[in-house]
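Residue-level structure breakdown
What follows is each chain in one-letter form.
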Amino acid sequence: MLNAGADGAGVWRSALVDDGKNTIASQLVERLREAIVSGQLEAGAKINLDRAREIFAVSLSPLREALARLIPDGLVIFEDNRGYRVAPVSVADLREITRLREEFETLALRQATSFAPPEWEGDVMRALHRLNTAERNPADPATLERWEALHREFHLTLLAGCQMPLLLGFCRTLLNLNDRYRRSFLVRTSGDRNVSMEHSEIAQGAVARDADFACERLREHIHRTGSNLAAHLSDKIAP
């Protein structure tokens, strides 16, 4: 079922106001997405609509719309006679996400190195600087959340120069799905490699317009992350 502690519910209730730009449903989409990706809503958990309406202080219509919009993203599933449920996780699912990320993100980066405008190079290096200078303290959840946001920003900025909206949308969806595993289960681990150096090599190759180097470093980065996650989670989630 949908669970939230007192603090979580207080955060989720705030600022759900239709301002003409961001509808209630759109705001709910982002809050539910964050709750699922961060692990606040557990994989496989049933989403009780009455409880969700209470937590978010909304009517049923925008709630149903928000949940429906998360189904194509692979974060929510709907079952006849059973209702909405947070999509489950498995090692097989993680491996497929990793393989698809390798293919789609390297394609997007290769396109970006060929067609992105000059200002994209500055955007990439600024995103890299913000990420590499951000604190990531396992004892301070606020620093972890900020690092995760900057990490996502870096990867999406890197790919944004591809000039292919559909491809970028696929990459964004895969990144969301991958983050469920990384953030839910490994947010408190220190890792076993120099991720900052990997990000730096990818960015430097990209802005140098060296497609082969940048794409190979990105593929290795994604593959190592996926392999490490799969090994870590092999005895914790479904095969």
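The shown structure was predicted, so the numbers you read here are calculated from the model rather than taken from an experiment.

All right, on to the overall build of the protein then. Scanning the protein for helices and strands turns up ten helices and two strands. Traced from its N-terminal end to its C-terminal end, the protein shows the element sequence α-α-α-α-β-β-α-α-α-α-α-α. Taken over 239 residues, the protein has a buried fraction of 44%. The long-range fraction of contacts in the protein, counting pairs at least 24 apart against all pairs at least 6 apart in sequence, stands at 73%. Carbon and sulfur atoms make up 53% of the accessible area of the protein, which amounts to about 12000 Å² in all.

Let us now look at the packing of aromatic side chains. Throughout the structure, instances matching the rule amount to two aromatic pairs. With 5.8 Å between their ring centres and 55° between their planes, Phe104 and Phe170 make a pair best called tilted. In this pair, Phe104 sits in helix α5 (residues 91-115) while Phe170 sits in helix α8 (residues 165-186), placing the two residues 66 residues apart along the sequence. Here Phe170 falls in the partly exposed class, since its relative accessible area comes to 45%.

Since the α-helix advances by 3.6 residues per turn, residues separated by three or four positions end up pointing in the same direction. Across its 13 residues, helix α9 (residues 195-207) extends 19 Å between first and last C-alpha, which sits within 8% of the 18 Å expected from 1.5 Å per residue. For α9, the set of buried residues is Glu198, His199, Ser200, Ile202, Ala203, Gly205 and Ala206. Buried residues along α9 sit in contact with α5, α6 (118-132), α7 (141-160) and α10 (211-233). The N-cap of α9, judged by a side-chain oxygen 3.3 Å from the amide nitrogen of Ser196 a few residues on, is Asn194. A positive backbone phi angle near 60° is found at Arg209, which sits one or two residues after α9.

Next up on the list: the pattern of salt bridges. According to the stated counting rule, one finds 21 salt bridges in the structure shown. For Asp123, the salt bridge is made with Arg126, and the minimal N-O distance between the two is 2.7 Å. Residue Asp123 and its partner Arg126 are both found in helix α6; the two are separated by three residues, about one turn of the helix. A relative accessible area of 34% places Asp123 in the partly exposed class. With relative accessibility at 46%, the residue Arg126 sits in the partly exposed group. Here Lys236 ties to Asp235 by a salt bridge, and the two come within 3.3 Å at their closest N and O atoms. Linked through salt bridges whose partners overlap, the residues forming this network are Arg99, Glu102, Glu103 and Arg219.

A few words on unusual backbone geometry. Residue Ala57 is not a glycine yet carries a positive backbone phi of 55°. What makes Ala57 exposed here is its relative accessible area of 56%. Of note, the phi angle at Asn81 is positive, near 70°, even though the residue is not glycine. Structurally, the position occupied by Asn81 is in the loop between β1 (76-79) and β2 (83-86).

Buried together is how nonpolar side chains tend to be arranged in soluble globular proteins. The biggest cluster of nonpolar side chains holds 34 residues, and the ones touching the most others in it are Leu32, Leu67 and Tyr181. Counting residues per element, the ones that place at least two in this core are α2 (24-37), α3 (49-56), α4 (60-70), β2, α5, α8 and α10. Broken down by element, the residue count for this core peaks at seven residues, all from α2. Listed in part, the 26 residues of the second largest apolar core include Ala108, Trp120, Ala127 and Leu159.

Right, let's get into the environment of Cys171. Within the secondary structure, Cys171 is located in helix α8. With 64 residues separating them along the chain, Cys171 and Leu107 place their C-alpha atoms 10.0 Å apart. With residues near it in sequence (within four places) discarded, Cys171 still touches Phe104, Glu105, Ala108 and Leu159.

Note that His155 resides in helix α7. Contact partners of His155, with chain neighbours within four places excluded, come to Arg101, Glu105, Leu175, His199, Leu218 and His221.

Cut-offs and rules
Residues numbered from 1 in each chain as written. Predicted model: local features only at pLDDT ≥ 70, side-chain atom pairs only at ≥ 80, totals over all residues. Heavy atoms only, no water. Helix = DSSP H or I, 4+ residues; strand = E, 2+ residues; numbered from the N terminus. Buried < 20%, exposed > 50% of the residue type's maximum accessible area, 1.4 Å probe, protein only. Contact = heavy atoms within 4.5 Å. Areas by Shrake-Rupley, 256 points an atom, 1.4 Å probe, with all protein chains shown as cover. Phe/Tyr/Trp six-rings, centres within 6.5 Å; stacked < 30°, edge-to-face > 60°. Expected span 1.5 Å × (residues − 1). Polar contact = N/O pair within 3.5 Å; in protein donor to acceptor, adjacent residues only side chain to side chain. Salt bridge = Lys/Arg side-chain N within 4 Å of Asp/Glu carboxyl O. Core = buried A, V, L, I, M, F, W, Y, C linked by side-chain atoms within 4.5 Å.

Functional significance is not addressed by these values, which are geometric in nature.
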